Amino acid sequence: MCPGRRFLRPRCRTLNSPPNCRHLTLRNADYCLRRLLLRLGDNPETLDASSIRAAMLTRAQSVAHSQVSSECTVLRSYLRFLAANGLCRPGLVEAVPCIARRPAASLPRYVDKSVIEALIASCDTATAIGLRGRAVLLLLARLALRSGDITALRLDDINWEQATLTLGGKSRRSATLPLPQDAGDALGEYILRARPRCSRAAVFLNSRAPHCGLSSASVRRAMQRAGIDGDGLPVTHLFRHSRATHLLRDGASPEAVAALLRHQSVETTALYARVDVPMLLEVAQPWPEAVR
């Protein structure tokens, strides 16, 4: 067996638990590592610094910056695992090049508030699927959750007395967010009226047996029914971008928006200020030729 499989796959398995952001990250890392091993070979004893560095620099010329940066991160973790278990020469992790972080050149895509509200209102609350869809869309629209947050949300993550949600996020750090009134009402109505009765702890379940965790594909189908074109952008990203943009336009501070989006750096949140044209017009200096 390739050491890469032993490195990642057993950690991805959990008993009777819905996939969360961490499990999705490990699954993606497993897929990424398999692609890298096709270039580097699956025999750790043959790895050397020159081949590792050459392979990653060649890769950087053919794929997006974000992708090769993620691949370098996965490769470093893999090499550390091999070195710790005596399967390769120590110090090879230093051969993985550092990919410089480039400022985001493209603007975040978003939709108007009216479009978001129309999408929420399009849910048929007379059906179980409609109740579930409305609860999901309200959580996405009000709290800017990720798809992994929706699929990983468990019943004991909801504190009804304090009106809060506890989320795991993309790392092991948990975060507690306030639960808005309309989202809480929709969530409670779904759980009481439409959620299948089963032993699973996940909040959102498929309506048909077996009642496994909900996938983000159902949210994309709801967008298609409402005529919203995400232009290839992941559904939850469109909601997150829209929520962040609207909050900044309404006068919220970047720190407050970063706390809602659970960004580690305010610099990441500052990207959304670039689409606030009225605010930019207030601080923009006149073009020199126009002053003359």
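Residues numbered from 1 in each chain as written. Predicted model: local features only at pLDDT ≥ 70, side-chain atom pairs only at ≥ 80, totals over all residues. Heavy atoms only, no water.

### Overview of the pattern of salt bridges
Then, number 1: The full count for this structure, using the stated rule, is 8 salt bridges.
Then, number 2: A salt bridge links Glu-71 to Arg-59; the shortest N-O distance between them is 3.0 Å. Here Arg-59 lies in helix H3 (residues 49-60) and Glu-71 lies in helix H4 (residues 65-84), a separation of 12 residues in the sequence.
Then, number 3: By relative accessible area, which is 1% here, Glu-71 ends up buried. (Salt bridge = Lys/Arg side-chain N within 4 Å of Asp/Glu carboxyl O. Helix = DSSP H or I, 4+ residues; strand = E, 2+ residues; numbered from the N terminus. Buried < 20%, exposed > 50% of the residue type's maximum accessible area, 1.4 Å probe, protein only.)

### Focus on the pairing of strand E3 (residues 175-178)
Then, number 1: Only one face of E3 is covered, namely the one carrying Ala-175 and Leu-177; the face carrying Thr-176 and Pro-178 has none of its residues buried.
Then, number 2: Bridge analysis of strand E2 (residues 164-167) against E3 gives 4 bridges, and the strand direction is antiparallel. Paired with Leu-165 across the two strands is Leu-177, which belongs to E3. (Pairing = 2+ DSSP bridges.)

### Overview of helix H5 (residues 113-121)
Then, number 1: Among all positions of H5, only Ile-116, Leu-119 and Ile-120 are buried. Looking down the long axis of H5, one finds its buried residues gathered within 100° of arc, a one-sided arrangement. In H5, the exposed positions that point more than 90 degrees away from the buried face belong to Ser-114 and Ala-121. (Arc of directions from axis to C-beta.)

### Considerations on the nonpolar core
Then, number 1: In terms of nonpolar packing, the biggest core is built from 40 residues, with Leu-139, Leu-145, Leu-165, Leu-187 and Phe-204 touching the most fellow members.
Then, number 2: Contributions of two or more residues to this core are made by H5, helix H6 (128-143), E2, helix H8 (181-193), helix H10 (235-249) and helix H11 (254-261).
Then, number 3: No other element matches H6, which puts 9 residues into this core.
Then, number 4: Setting aside anything within four residues of it in sequence, one finds Leu-145 in contact with Leu-139, Leu-140, Ile-150, Leu-167, Leu-177, Thr-236, Arg-240 and Arg-262.
Then, number 5: Listed in part, the 24 residues of the second largest apolar core include Leu-40, Val-68, Val-74 and Leu-79. (Core = buried A, V, L, I, M, F, W, Y, C linked by side-chain atoms within 4.5 Å. Contact = heavy atoms within 4.5 Å.)

### So, the state of the cysteines
Structurally, a disulfide amounts to a covalent bond that connects the sulfur atoms of two cysteines.
Then, number 1: With the rule as written, the count across this model stands at 0 disulfides.
Then, number 2: For the unlinked cysteine Cys-32, the closest cysteine sulfur is that of Cys-72, found at 8.9 Å.
Then, number 3: Classification of Cys-32 by relative accessible area gives buried; the value is 5%. (Disulfide = S-S within 2.5 Å.)

### Side note on the packing of H5 against H6
Then, number 1: For the pair H5 and H6, interaxial distance at closest approach is 9 Å and the crossing angle is 160°. With respect to each other, H5 and H6 are oriented roughly antiparallel. Note that H5 runs across H6; the crossing there is left-handed. Contact residues: H5 offers Ile-116, Glu-117, Leu-119 and Ile-120, while H6 offers Arg-134, Leu-137, Leu-138, Ala-141 and Arg-142.
Then, number 2: Here the contact of H5 with H6 is built from residues that sort into 6 nonpolar, no polar and 3 charged. (Axes fitted to C-alpha atoms, helices over the stretch in contact; angles between N-to-C directions. Parallel < 35°, antiparallel > 145°, perpendicular 65-115°, else oblique. Left-handed = near helix turned anticlockwise from the far one by under 90°. Nonpolar A, V, L, I, M, F, W, Y, C, P; charged D, E, K, R; others polar.)

### Some points on the packing of aromatic side chains
Then, number 1: Counted under the stated rule, the structure contains 1 aromatic pair.
Then, number 2: Taking the centre distance of 5.3 Å and the plane angle of 25° together, the rings of Tyr-190 and Phe-204 count as stacked. Of this pair, Tyr-190 sits in helix H8 while Phe-204 sits in the loop between H8 and helix H9 (217-225), and the two are 14 residues apart along the sequence.
Then, number 3: In this structure Tyr-190 comes out as buried when scored by relative accessible area, which is 1%. (Phe/Tyr/Trp six-rings, centres within 6.5 Å; stacked < 30°, edge-to-face > 60°.)

### A closer look at the sheet that holds strand E1 (residues 158-159)
Then, number 1: Pairing is antiparallel in the open sheet, where 3 strands are placed in the order E1-E2-E3. The outermost strands of the open sheet, each flanked by one partner alone, are E1 and E3.

### So, the packing of H3 against H4
Then, number 1: Between H3 and H4, the shortest axis-to-axis distance is 9 Å and the interhelical angle comes to 160°. One element, H3, and the other, H4, form an angle in the roughly antiparallel class. Of the two possible hands of crossing, H3 and H4 adopt the one that is right-handed. Where H3 abuts H4, its residues Ile-52, Met-56, Arg-59 and Ala-60 lie against Gln-67, Val-68, Glu-71, Cys-72, Leu-75 and Leu-79.
Then, number 2: Of the residues in the contact of H3 with H4, the class split is 7 nonpolar, 1 polar and 2 charged.

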